[in-house]
Amino acid sequence: MPKTLTTIRPWGSFRAKFIIVVGSAVLIDLLISGGLALWNVQRLSRDATEEVGHGLEQASQDYIRTYANSTAAQVSLLLGQVNNDVSVLAGVLQEQIDNPQRQKNIGSAISGTSPASVQLTYDPAGQWAQNAPGAPSVVSAWGYLLNEDRSPRADVQDEIQTSAVLDLVAPSLLKNGSSKLQMYFIGPKERPIFRTAPYTDQAQTFDRLYPGHNTANFWDFFFPGLYESWQGWDAELRAHTGPDDITRTAPYTDAITGKQIVSFFHPLWSTDRKNVAGTAGADITLDQLAEIVENVKVAETGFGFLSMSDGNVIAISKDGEQTIGLRSASDTKGTGVTGLERSLKGSSQPAITELANNPGEDIRHLTLDQDGEPVPYMVIMKNLPPSNLWEPGHVRKDAMSLGIVVPEREIYASLFAAQSKISDATNRIIIYQILAILLSLIIVTLAVLAVSKRITGGVSALASAARRIQTQDYSVRVPVTSRDEVGQASEAFNRMAQQISYHTENLEQLVEERTAEIEEAKEEISVLNAQLEKENRRLGTELAVAERIQMMVLPLASELASSKDLEIAAFMSAADEVGGDYYDVLEANGRFKIGIGDVTGHGLESGVLMLMVQSVARALHEAGTTDPVKFLVDLNSALFKNIIRTRIDKHLTLAFLDYDGHDMLISGQHEEVIVVRANGALERIETMDLGLPIGLESDISPFVGTRKISLAKDDIIVLHTDGVTEAENVSGELFGIDRLCDEAVKLHRQSADRIAAGIIAKLMDYIGPHKVHDDITLLVLRHR
């Protein structure tokens, strides 16, 4: 057939195309690479900003938490010192009550050495009796505690002498203990004398501020319900709400000083501990608490506040009060006791009101209105230890909260500065990158123009030689004029022309040689296929035998049903022919041992290790090893030696439940044990601290522990391997421990078999057509 030759255009047009194509390719490459570089710089800037922001934000929050904890500790220390001082005074007075003879002796001694402490003078105007100034304390006896001759009743006089021991203790506590306003003793409801140190015009002040107090019982007039609450503690085995006997009041106005104070009471008890015998007490001013709180200084304007559990703020600076929009109002807490109501719930800032309605120990981000502008703030709340709080009519548990409030712009000032610097640096890098791209474009353009002529010359020679090859002139050769890629292409063309010439002349002989080589290769492939098929049959036989052995050693249905107290249901499915999961039910002399474990991986080696576990466990049980710890230690020792000998790089988690007819005793480390009580209550028992994976160490005795589970009728226990909880659906989501627990609770009223079948049905429905990657084992035990 005659050959058709293609007309070749002048080489100049090819050079123009070369310049256009190569220039365009380089331009696109530079634009893409430059664009990617700019994108990466922006992404790096964004990631750096996020990382720095996260780190600085975390550091700022940690700083505020630490500051809050430190300040809360100072407040708690102050309150704790007052509690301790009141407890010391109460201890001394209680010793007097519990030792009547010593009480009489000390009272007599004080009467003789300090008559002013026990001798009272009647005041006709006030109709009460009070000792004269000069004594370490003032003691007042109200009109209803006096005889017709205006002297204290005999039992009241005894109380006056008994309480005189306060003159010996209170001055030292006032001087050396925590800062307190006053300390005092109040008698029982039948004779509520009032002794206070240091000495003040006590009764006179009460007459001025609280008309009628002298005709009403002191406890009912000033602190209604407090005395009865203490009496209720004894009636209820003293199961009061607070951590100790100390009871405090909400802040109120002190009658003597006019200051806002908090009173701390410690009830005293009769010798038989059945009745209240009075109280020891102390007062502190809110100034002491406010000094700690008002000294809070975070950033420039951050401040603190101290509030009751009902949201009433008892300590805050003036600036802080204005910032969070508090309103103050006088509030009568009880007869003659006037407090300060300044609640977060009444704040003019909606965010603060929401904070009061949803208390909790955490960091909150709030927006407060400041001069008509929304300003972001950070607030952290820290609860103080709980205490007993008296409110008119009753005593309840209360925990004060310390709040730290700081503008986010101040606490995150370093974050904003760092982000600004990162942004500036990013902009500089982007500008430099754009300039570099433009410079590269200029250089590349000049280079393309410079080399295009040289390259197209070599290409032209190759085109001419190709046309001669097309006319079957295989003797053509291209002169090699350079050592660059064009020269290498010329050399390759010459070798190709030489090979075409050789193969054209020797084609028939080459075909025969290649045919012979193919036939020889086919025979070798047939032999190899036969050998491979034989090996596959052998391995299949071995796996089938191993699978059969593994299934043979699983507990029989009769063994699962051998306990008169337990229903036992089991399910196991291997991911491969041979699985690595283990479970067994062993019985000897009426004691049952239920085991469950999971060998790492699955397949033949895992199955072999599982068989070792089964054999050693049954041997130890039959040998009478009843101690759960020794059982696991001995089993691990035997398996560790076998693992070393067989060079199996495997180990397993393993746990046993020993049942003695009443309780279950768990030992060994495995997955969580799920217990569902007859009423549906769920318990999850972690086994991580009860052992160590078997086969990792030669001696695991230091790590093995036990935990007892009490069982009642219809309680169930669910044991599983991680093949249950880590099974995936088609979306790659895990079945999880929560779904397993929910299903166990839902089915807990059914038999063990139905529970196991229901859980497995739920699991298989969840997995669907997705591949099962791990062995699945489930045991359900139900107490009859």
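1. Examining the overall build of the protein
Phase 1 of the analysis: A tally of helices and strands in the protein yields 20 helices and 28 strands.
Phase 2 of the analysis: Out of the 784 residues in the protein, the part that is buried amounts to 44%.
Phase 3 of the analysis: A sequence separation of at least 24 residues applies to 65% of the contacts in the protein between residues at least 6 apart.
Phase 4 of the analysis: On the protein, roughly 39,600 Å² of surface is accessible, and the fraction owed to carbon and sulfur atoms is 54%.

2. A short note on the packing of aromatic side chains
Phase 1 of the analysis: By the definition in use, this model includes 19 aromatic pairs.
Phase 2 of the analysis: Centre to centre, the rings of Phe-206 and Phe-222 are 5.2 Å apart; their planes meet at 40°, and the pair counts as tilted. In this pair, Phe-206 is assigned in helix H5 (residues 202-209) and Phe-222 in helix H6 (residues 218-222), connecting sequence segments 16 residues apart.
Phase 3 of the analysis: Its relative accessible area of 5% is what places Phe-222 among the buried residues.
Phase 4 of the analysis: Cation over ring: Lys-593 sits above Phe-631, and NZ or CZ is 4.1 Å from the ring centre.

3. Considering the nonpolar core
Phase 1 of the analysis: Ranked by internal contacts, the top residues of the largest apolar core, which has 76 residues, are Phe-223, Leu-289 and Leu-306.
Phase 2 of the analysis: With near-sequence residues (within four places) excluded, Leu-289 lies in contact with Val-75, Leu-78, Leu-79, Ile-284, Leu-306, Ile-314 and Ala-315.

4. Digging into the side chain of Lys-650
Phase 1 of the analysis: In this structure, Lys-650 sits in the loop between helix H17 (628-646) and strand S22 (652-659).
Phase 2 of the analysis: Glu-605 provides the closest opposite charge to the buried, salt-bridge-free Lys-650, at an N-O distance of 4.8 Å.
Phase 3 of the analysis: Only 3.3 Å separates the side chain of Lys-650 from the backbone oxygen of Thr-600, close enough to count as a polar contact.
Phase 4 of the analysis: Once residues lying within four places of it in the same chain are set aside, the contact partners of Lys-650 are Val-599, Thr-600, Gly-601, Glu-605, Ser-606, Leu-609 and Ile-643.

5. Here's the deal with the sheet that holds strand S18 (residues 401-407)
Phase 1 of the analysis: The sheet built from 5 strands is open, its strands ordered S11-S10-S18-S15-S14 with antiparallel pairing. Two strands lie at the open edges of the sheet, namely strand S11 (313-316) and strand S14 (363-370), each paired on one side alone. Strand-to-strand twist of the sheet, defined as the mean angle between neighbouring strand axes without regard to direction, takes the value 30°.
Phase 2 of the analysis: One ladder, built from 7 bridges, connects strand S15 (residues 373-383) with S18; its direction is antiparallel. Bridge pairing links Lys-382 to Leu-402 in S18.
Phase 3 of the analysis: Its contacts with the sheet place helix H8 (residues 286-294) against strand S10 (303-307), S11 and S18, and it is angled at close to 55° to S11.

6. Let's talk about a nonpolar patch on the surface
Phase 1 of the analysis: A contiguous nonpolar surface patch, about 520 Å² in accessible area, is contributed by Ile-431, Tyr-432, Ile-434, Leu-435 and Leu-438.
Phase 2 of the analysis: For Tyr-432, a relative accessible area of 56% translates into the label exposed.

7. Regarding unusual backbone geometry
Phase 1 of the analysis: The amide bond that connects Ala-197 to the next residue, Pro-198, takes the cis arrangement and shows omega of 0°.
Phase 2 of the analysis: Of note, Pro-198 is situated in the loop between strand S5 (194-197) and H5.
Phase 3 of the analysis: With a phi close to 55°, Arg-647 is a non-glycine residue in the positive phi region.
Phase 4 of the analysis: Turning to its location among the elements, Arg-647 is positioned in the loop between H17 and S22.
Phase 5 of the analysis: Assessed through its relative accessible area of 74%, Arg-647 is described here as exposed.

8. Some thoughts on helix H19 (residues 736-747)
What sets the pattern is the α-helix's 3.6 residues per turn: residues three or four places apart point alike.
Phase 1 of the analysis: In a regular helix each residue adds 1.5 Å, so 12 residues correspond to 16 Å; H19 covers 17 Å between its end C-alpha atoms and thus fits that length.
Phase 2 of the analysis: Residues Leu-740, Cys-741, Glu-743, Ala-744 and Leu-747 constitute the buried set of H19. Buried residues in H19, looked at end-on, bunch into an arc of 165°, giving them a common side. Exposed and facing more than 90 degrees away from the buried side of H19 are Asp-742 and Lys-746.
Phase 3 of the analysis: For H19, the elements touching its buried residues are strand S24 (673-676), strand S25 (682-685), strand S27 (716-720), helix H18 (722-725) and helix H20 (752-767).

9. A word on the pairing of strand S20 (residues 581-588)
Phase 1 of the analysis: Counted residue by residue, S20 has 7 buried out of 8 residues, so it is predominantly covered.
Phase 2 of the analysis: Judged from the 8 bridges that link them, S20 and strand S21 (residues 591-599) form a sheet pairing that is antiparallel. Within the sheet, the bridge partner assigned to Asp-584 lies in S21 and is Gly-595.
Phase 3 of the analysis: Turn length for the S20-S21 hairpin, with the two strands adjacent in sequence and antiparallel, is 2 residues, and the turn residue Asn-589 shows positive phi of about 55°.

10. Thoughts on the sheet that holds strand S28 (residues 776-783)
Phase 1 of the analysis: One open sheet accounts for 5 strands, arranged S19-S28-S27-S24-S25; its pairing is antiparallel. With partners counted over all chains shown, the strands left at the sheet margins are strand S19 (566-573) and S25, one partner each. Recorded for the sheet is a direction-independent mean angle of 15° between the axes of neighbouring strands.
Phase 2 of the analysis: Looking at chain direction, S24 and S25 are connected through 4 bridges and run antiparallel. Across the sheet, residue Ile-674 finds its bridge partner in S25, namely Arg-684.
Phase 3 of the analysis: Against the sheet, H20 engages S19, S27 and S28, with an angle of about 150° to S28.

11. Considering the pattern of salt bridges
Phase 1 of the analysis: Using the criterion set out here, one finds 23 salt bridges in the structure.
Phase 2 of the analysis: For the salt bridge of Lys-180 with Asp-85, the shortest nitrogen-to-oxygen distance reads 2.7 Å. Of this pair, Lys-180 sits in the loop between helix H4 (166-176) and strand S4 (182-186) while Asp-85 sits in helix H1 (residues 11-98), and the two are 95 residues apart along the sequence. Assigned by exposure class, Lys-180 and Asp-85 land together as buried.
Phase 3 of the analysis: Across the salt bridge formed by Asp-658 and Lys-593, the nearest N and O atoms sit 2.7 Å from each other. Of this pair, Asp-658 sits in strand S22 while Lys-593 sits in strand S21, and the two are 65 residues apart along the sequence. Each of the two residues, Asp-658 as well as Lys-593, counts as buried.
Phase 4 of the analysis: Through salt bridges with shared partners, a single ionic network connects Arg-248, Glu-391, Arg-396 and Asp-398.

Cut-offs applied
Residues numbered from 1 in each chain as written. Predicted model: local features only at pLDDT ≥ 70, side-chain atom pairs only at ≥ 80, totals over all residues. Heavy atoms only, no water. Helix = DSSP H or I, 4+ residues; strand = E, 2+ residues; numbered from the N terminus. Buried < 20%, exposed > 50% of the residue type's maximum accessible area, 1.4 Å probe, protein only. Contact = heavy atoms within 4.5 Å. Areas by Shrake-Rupley, 256 points an atom, 1.4 Å probe, with all protein chains shown as cover. Phe/Tyr/Trp six-rings, centres within 6.5 Å; stacked < 30°, edge-to-face > 60°. Lys NZ or Arg CZ within 6 Å of the ring centre and 35° of its normal. Core = buried A, V, L, I, M, F, W, Y, C linked by side-chain atoms within 4.5 Å. Lys, Arg positive; Asp, Glu negative; His and termini not counted. Salt bridge = Lys/Arg side-chain N within 4 Å of Asp/Glu carboxyl O. Polar contact = N/O pair within 3.5 Å; in protein donor to acceptor, adjacent residues only side chain to side chain. Pairing = 2+ DSSP bridges. Axes fitted to C-alpha atoms, helices over the stretch in contact; angles between N-to-C directions. Patch = residues over 30% accessible without salt bridge, like charges linked within 9 Å, V, L, I, M, F, W, Y side chains within 5 Å. Expected span 1.5 Å × (residues − 1). Arc of directions from axis to C-beta.

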